[in-house]
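Each chain, written out:
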Amino acid sequence: MTSAQVDQHRDGNEAVRAEGSEGEGYQRGLGARQIQMIAIGGAIGTGLFLGAGKGISKAGPSLILAYAIAGFVIFFIMRALGELLMYRPVSGSFSEYAREFIGPFAGFVTGWTYWLFWVVTGITEVTAAAAYMTYWFDIPQWVSALIFTIILYGANLISVKLFGELEFWFSMVKVTAIIGMILICAGILTIGFSDAGETASVSHLWSDGGFFPHGIGNTLMTLQMVMFAFLAVELVGVTAGESKDPKTVLPKAINTVPWRIAVFYVGALIMILSVVPWTHFQPGVSPFVAAFEKMGLAAGAGIVNFVVLTAALSSCNSGMYSTGRMLRDLALNSQGPKLFTKLTSNGLPLVGTTFSAALMLVGVWINYQWPGKAFDYVVSFATISGMWAWIVILLCQIRYRAKADRGELPRSDFRAPGAPFTSWFALAFIGMVIVMMGIDKDARVSLYCAPLWGLVLAVAYLVLKRRNPEAAAFRKR
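Here is a short report on the structure shown in this document. (Residues numbered from 1 in each chain as written. Predicted model: local features only at pLDDT ≥ 70, side-chain atom pairs only at ≥ 80, totals over all residues. Heavy atoms only, no water.)

What follows is about the overall build of the protein. The helix and strand inventory of the protein stands at 21 helices and zero strands. Looking at the protein as a whole, 56% of its 477 residues are labelled buried. When contacts within the protein are restricted to residue pairs at least 6 apart in sequence, long-range pairs at least 24 apart make up 82% of them. (Helix = DSSP H or I, 4+ residues; strand = E, 2+ residues; numbered from the N terminus. Buried < 20%, exposed > 50% of the residue type's maximum accessible area, 1.4 Å probe, protein only. Contact = heavy atoms within 4.5 Å.)

Right, dumping it as structure tokens:
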């Protein structure tokens, strides 16, 4: 590519940046405040509030190290995504980049896989939210699930700003809960108040069997649970086409990843495990609930139940948002039904969101009628499908960087530090986590589902390509 061609490409790319969502039909309704909280909330979910109990019982205090290491990898993934977003901020970014840098089939697989990930996640989270409601109210779970789904569906069809506002307050609840826990624990350690004051000490991090009480091997096995806790952190990439100022807002949101993980995961666990010895935690019991009980705070269980309810609704809300955008992106590229391209007067993907919400309701009903192994197998697929998006992001960034360094594409304004080496390292780390999943009999089922889904997509793509050759063509938007 000549220098004139590169300049022309750069001018065209700047036009895409300036036009952004208007070129796709969307409206820029997400401000800096909302994007920041969406980015924060994406890294905080039930994996921390509930799932950390299993990790603590399995690895002890060394779970802190597992979260720290995984956090570095997540930062590399997010910086790789940030480089791509600044090159071309579009809605449905993962599948769009996959088409450009890997191929149309990769975009097809990524779009439909990420869509399924959020549909399945939405089903599980709205079902969980309904279960959490029974803590206070004696009502059938399906009633709560139906009400929550309708409310979130309606909010997502009113305006993208309302979606962002809901996510802002959902994330605010989670952030406030964690910061409150950290401050309470800090007060116990320094002042010594509450029932845990006499025994609280940072020495709990190494005195009860050492920092690795069950060996380094068990700590490595927890990495899969740790990585799963970070699923959805990449959601900020889907908002690119509807951010008011993506070139300024998105880099700031991505650069907050290290301190978010340092405070909300590493910091919170250090404080909790200093106040309550790790031997007091059990699988299936929230470490926050256990810590509140040890402190003698009777309202602790209710507080955590409210926070976890918020986390579940936040995840379902994100699912409503992302599924409609992914389906529309597929349809615009002739890889999905054309009716998914329709937008409301407010620039919202009506048909795609409605279709996804309907499937979530069907899933809730299936889970209510037949809560057996078949449903568990489908749910387990969410973990591997979520990591597929990370793999695609890293591969696309590696290929984009190579083309940009050769002068074939304009350089991004937000280059990933250490890339492509950090991207290769992140890919190797994800590969190790997948191997761990294969070793762990409880997580192995996720790997069984992936080839079956891949086969379904391969057959569907061949049929689609034969009927519509445009499905195998990449057209930059």
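Continuing now.
For the rest of this paragraph, the subject is the packing of aromatic side chains. Between two aromatic rings, the relevant description is the distance of the centres plus the angle of the planes. Within this structure, the stated rule accounts for 21 aromatic pairs. Among the aromatic residues, those joined into a cluster by ring pairs are Phe94, Tyr114, Phe117 and Trp118. A cation sits over an aromatic face here: Arg79 above Phe414, 3.9 Å from the ring centre. (Phe/Tyr/Trp six-rings, centres within 6.5 Å; stacked < 30°, edge-to-face > 60°. Lys NZ or Arg CZ within 6 Å of the ring centre and 35° of its normal.)

Its 19 residues place the ends of helix 15 (residues 257-275) 26 Å apart at the C-alpha level, agreeing with the 27 Å of an ideal helix rising 1.5 Å per residue. The largest bend in helix 15 comes to about 30 degrees, at Gly267. (Expected span 1.5 Å × (residues − 1). Bend = angle between axes of the 7 residues up to and from the residue.)

A cluster of nonpolar side chains, Trp142, Leu146, Ile150, Leu361, Val362, Trp365, Ile366 and Tyr368, forms an exposed patch at the surface whose accessible area comes to about 750 Å². Counting residues per element, the ones that place at least two in the nonpolar patch are helix 9 (141-158) and helix 18 (350-369). In terms of residues, the nonpolar patch owes the most to one element, helix 18, which gives five residues. Here Val362 shows up in helix 18. (Patch = residues over 30% accessible without salt bridge, like charges linked within 9 Å, V, L, I, M, F, W, Y side chains within 5 Å. Areas by Shrake-Rupley, 256 points an atom, 1.4 Å probe, with all protein chains shown as cover. Salt bridge = Lys/Arg side-chain N within 4 Å of Asp/Glu carboxyl O.)

Further remarks concern the pattern of salt bridges. The tally for this structure, following the rule as stated, stands at 10 salt bridges. The salt bridge involving Arg406 is made with Glu408; its shortest N-O contact spans 2.9 Å. Here Arg406 falls in the exposed class, since its relative accessible area comes to 54%. Through salt bridges with shared partners, a single network forms among Arg88, Glu96, Arg99, Glu100 and Asp329.

What follows deals with the environment of Ala458. Counting through the fold element by element, Ala458 comes out in helix 21 (residues 445-467). Relative accessible area serves as the criterion here: at 25%, Ala458 is assigned to the partly exposed category.

Assignment of secondary structure puts His204 in helix 11 (residues 204-207). When its relative accessible area of 11% is taken as the criterion, His204 is described as buried. Along the sequence, His204 and Thr279 sit 75 residues apart, while their C-alpha atoms lie 9.6 Å from each other. Leaving out residues up to four positions away in the same chain, His204 has contacts with Pro61, Thr199, Leu273, Ser274, Val275, Pro277 and Trp278.

Within the largest apolar cluster, 146 residues are counted, with the highest numbers of intra-cluster contacts made by Tyr67, Ile74, Tyr114, Ile178, Met227, Phe230 and Trp390. With residues near it in sequence (within four places) discarded, Ile74 still touches Met227, Phe230, Val233, Val257, Ile261 and Trp390. (Core = buried A, V, L, I, M, F, W, Y, C linked by side-chain atoms within 4.5 Å.)

At a minimum axis separation of 8 Å, helix 16 (residues 287-295) and helix 17 (residues 300-332) run at an interaxial angle of 160 degrees. It follows that helix 16 is roughly antiparallel to helix 17 by the angle criterion. Along this stretch, helix 16 crosses helix 17, giving a crossing that reads as right-handed. Facing helix 16, whose interface residues are Phe288, Val289 and Phe292, helix 17 presents Gly300, Ala301 and Val304. Tallied by class, residues from the contact of helix 16 with helix 17 come to five nonpolar, one polar and no charged. (Axes fitted to C-alpha atoms, helices over the stretch in contact; angles between N-to-C directions. Parallel < 35°, antiparallel > 145°, perpendicular 65-115°, else oblique. Left-handed = near helix turned anticlockwise from the far one by under 90°. Nonpolar A, V, L, I, M, F, W, Y, C, P; charged D, E, K, R; others polar.)

Moving on: the environment of Phe288. Relative to the assigned elements, Phe288 resides in helix 16. Taking the C-alpha atoms as reference points, Phe288 and Val304, 16 residues apart in sequence, are found 6.8 Å from one another. Those residues in contact with Phe288 that sit more than four places away from it in its chain are Leu48, Phe49, Ile178, Met181, Ile272 and Val304.

Structural remark: α-helix, 3.6 residues per turn; residues separated by three or four positions point the same way. Its 18 residues give helix 9 an end-to-end C-alpha distance of 26 Å, which sits within 8% of 26 Å, the value for a rise of 1.5 Å per residue. Buried residues of helix 9: Ser144, Ala145, Phe148, Thr149, Leu152, Ala155, Asn156 and Leu157, and no others.

Position of Arg79 among the secondary structure elements: in helix 6 (residues 63-87). One buried charged side chain, Arg79, makes no salt bridge at all; its nearest oppositely charged neighbour is Glu83, positioned 7.0 Å away. Every residue in contact with Arg79, bar those within four places of it in the chain, is listed here: Ile254, Asn255, Phe414, Arg415, Ala416 and Pro417. (Lys, Arg positive; Asp, Glu negative; His and termini not counted.)

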